[in-house]
Amino acid sequence: MVLARLLTPEYFGILGMAMVFAGVIFVIQESGFSSYLIYKKNYNINVVSSTFWLNFIVSVCLALLLWILSPYISILYNDDQVGIVLKYVSVGILIGSFGNTSRAIIMKNNKFKTIAKVDICAELVSSAFAIYFAIYFDSLLAVSTKYLVRPLIQALLSIISQPLSINGPFKLDKGETRNIISYSSNVLGSQLFMYANNNIDYFLVGKILGNIQLGYYSLAFQWGSIARYYISNAIIRVMFPEASKLQNDLLKVKSIFLEVVSKVSLISLPLCIGFSLVSYEFIYIFYGEKWIDVVPVLQLLLLAGGIASITIVGGSILRGIGNPLAEMKTSILSFGFFGLLLRVFTKYGIIAVAYCELLRVIVVE
């Protein structure tokens, strides 16, 4: 909110353009190799070490790739500032890779209070830096700071909270490495298609309508997805390791799933509907008149986000019982349907894009 008051929608649009591509690497880091560590019932130093070094090697390669491709992505959007943001983010990706394995072990051990403390601390510190840079330095650095400072704080605190015992440099256990890659490839495939579902609209809005319209859409999507990302994602963090522990007792998993869905519905739907009713006042008071065009888009995305917050819980169950392939097939179907809608309707503006998102979650998810 503070940054939105200090900066224009253009800068949030530039960040949105950059994150379409940078976000792919975040998905690989968070949902790839570390998922196997959470899924595996019993793990030893070989599993931990292989996971850590695979994460590190892949992160280095992908961060370098993003840095090298940043000028070409700028050309794609016809905006040099996108490349600058991508270079900031690529450094953060490399830094963040050191803490991913520790974070996965913390999640596996159900120490979600520790995760919360780490994340809150990282958010506060990175937000403070972002505001400081927006006032005294550079606007592009300000909007990029959370993707540079936040992974640094998260990695440091995760390693302190969960120190690792690992084998020597780049020492991988062949058997465990094969198991990690085999399991994680399906999880990663599912998450990549899910990510594509959630970001193809960002890409097409930025490419077709420009950075200002993407700035408006980014803000609307951020608040429209509040239930999906803050309520459901918090539950998914717990559901995945719990389903993994109960993977041989499917009746128990089913019972937990149905109970969770009913409770999420009771919270998220009234929240999103109520928020949509006061969205005009919310945007006008907290963001100012320059952001008022966001309101109709926000109202549609709040409804879509409320529905999606219920449906996405099932993905953690499928991963937990060792069937991530089913989730990937659903994600592929959703991606194809949503991509086709957007290709036709994006040219009509961001309100049309919001209607496409609502239709996707109703029909596919």
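For the structure given in this document, a descriptive report is provided here.

Procedures and definitions
Residues numbered from 1 in each chain as written. Predicted model: local features only at pLDDT ≥ 70, side-chain atom pairs only at ≥ 80, totals over all residues. Heavy atoms only, no water. Helix = DSSP H or I, 4+ residues; strand = E, 2+ residues; numbered from the N terminus. Buried < 20%, exposed > 50% of the residue type's maximum accessible area, 1.4 Å probe, protein only. 1 Å grid on protein atoms, 1.4 Å probe; cavity = no way out; pocket = protein on both sides within 12 Å on 5 of 7 lines; lining within 4 Å. Points joined across faces, edges and corners; volume = space filled by probe spheres on them. Nonpolar A, V, L, I, M, F, W, Y, C, P; charged D, E, K, R; others polar. Phe/Tyr/Trp six-rings, centres within 6.5 Å; stacked < 30°, edge-to-face > 60°. Lys NZ or Arg CZ within 6 Å of the ring centre and 35° of its normal. Axes fitted to C-alpha atoms, helices over the stretch in contact; angles between N-to-C directions. Parallel < 35°, antiparallel > 145°, perpendicular 65-115°, else oblique. Contact = heavy atoms within 4.5 Å. Core = buried A, V, L, I, M, F, W, Y, C linked by side-chain atoms within 4.5 Å. Polar contact = N/O pair within 3.5 Å; in protein donor to acceptor, adjacent residues only side chain to side chain. Expected span 1.5 Å × (residues − 1).

What follows concerns the environment of Pro-169. Relative to the helices and strands, Pro-169 is located in the loop between helix 9 (149-161) and helix 10 (174-209). Exposure remark for Pro-169: the relative accessible area of 67% places this residue in the exposed category.

So, on to empty space enclosed by the protein. Using the criterion set out here, one finds 1 cavity of 30 Å³ or more in the structure. In this model, the largest cavity occupies a volume close to 40 Å³. Lining the largest cavity are Met-239, Glu-242, Ala-243, Leu-246, Val-253, Ile-256 and Ile-317. Mapped onto the lining of the largest cavity, the elements with two or more residues apiece are helix 12 (226-245) and helix 13 (250-277). Looking at the lining of the largest cavity element by element, the count peaks at 3 residues for helix 12. Counted by class, the lining of the largest cavity contains 6 nonpolar, no polar and 1 charged residues.

Let's shift gears to the packing of aromatic side chains. Applying the stated criterion across every chain, the model contains 24 aromatic pairs. Judged by centre distance (6.2 Å) and plane angle (80°), the ring pair of Phe-21 and Tyr-77 falls under edge-to-face. Taken together, the residues span a long stretch of sequence, with Phe-21 in helix 2 (residues 9-31) and Tyr-77 in helix 4 (residues 45-77) at a distance of 56 residues. Considering the side-chain rings of Phe-52 and Trp-53, the 5.0 Å spacing of their centres and the 80° angle between planes classify their relative orientation as edge-to-face. With respect to class, Phe-52 is no different from Trp-53; both count as buried. Every member of this aromatic cluster is reached through a ring pair, and the members are Phe-12, Tyr-216, Trp-223, Phe-275, Phe-282, Phe-286, Tyr-287 and Trp-291. Between the NZ or CZ atom of Arg-150 and the centre of the ring of Tyr-147, over which it lies, the distance is 5.3 Å. A cation over a ring is seen here: Arg-360 above Phe-338, with NZ or CZ 5.0 Å from the ring centre.

Time to look at the packing of helix 4 against helix 5 (residues 80-96). Packing of helix 4 against helix 5 leaves a shortest axis separation of 7 Å and a crossing angle of 170°. Relative to helix 5, the element helix 4 lies roughly antiparallel. Residue-level inspection shows Ser-59, Val-60, Ala-63, Leu-66, Trp-67, Ser-70, Ile-73, Ser-74 and Tyr-77 of helix 4 in contact with helix 5, the latter providing Asp-80, Val-82, Gly-83, Leu-86, Lys-87, Ser-90, Val-91, Ile-93 and Leu-94. Partitioning the contact of helix 4 with helix 5 into residue classes produces 11 nonpolar, 5 polar and 2 charged.

In terms of nonpolar packing, the biggest core is built from 73 residues, with Val-82, Tyr-217, Trp-223, Ile-283, Tyr-287, Trp-291 and Val-294 touching the most fellow members. Looking at which element gives the most residues to this core, the answer is helix 2, with 12 residues. Among all residues touching Trp-291, those that are not within four sequence positions of it are Ala-4, Thr-8, Pro-9, Phe-12, Gly-215, Tyr-216, Leu-219 and Ile-283. Within the second largest apolar cluster, 11 residues are counted, among which are Leu-37, Val-47, Met-107 and Phe-112.

Looking now at the environment of Ser-126. Inspection of the secondary structure assignment puts Ser-126 in helix 7 (residues 112-136). If near-sequence neighbours (up to four positions away) are discounted, Ser-126 is found in contact with Thr-145, Lys-146, Val-149 and Arg-150. Of note is the side chain of Ser-126, whose polar atom sits 3.2 Å from the backbone oxygen of Glu-123.

Turning our eyes to something else, we now look at helix 11 (residues 211-224). Three- or four-residue spacings in an α-helix give side chains the same orientation, since the helix completes a turn every 3.6 residues. Helix length check: helix 11 (14 residues) gives 19 Å between terminal C-alpha atoms against 20 Å at 1.5 Å per residue, within 8%. For helix 11, a buried count of 11 out of 14 residues is recorded, marking the element as mostly surrounded by other parts of the structure. If you check which residues of helix 11 are buried, you get Asn-211, Leu-214, Gly-215, Tyr-216, Tyr-217, Ser-218, Leu-219, Ala-220, Phe-221, Trp-223 and Gly-224.

It is worth stressing that arrangement in space is one thing and function is another; only the former is reported here.
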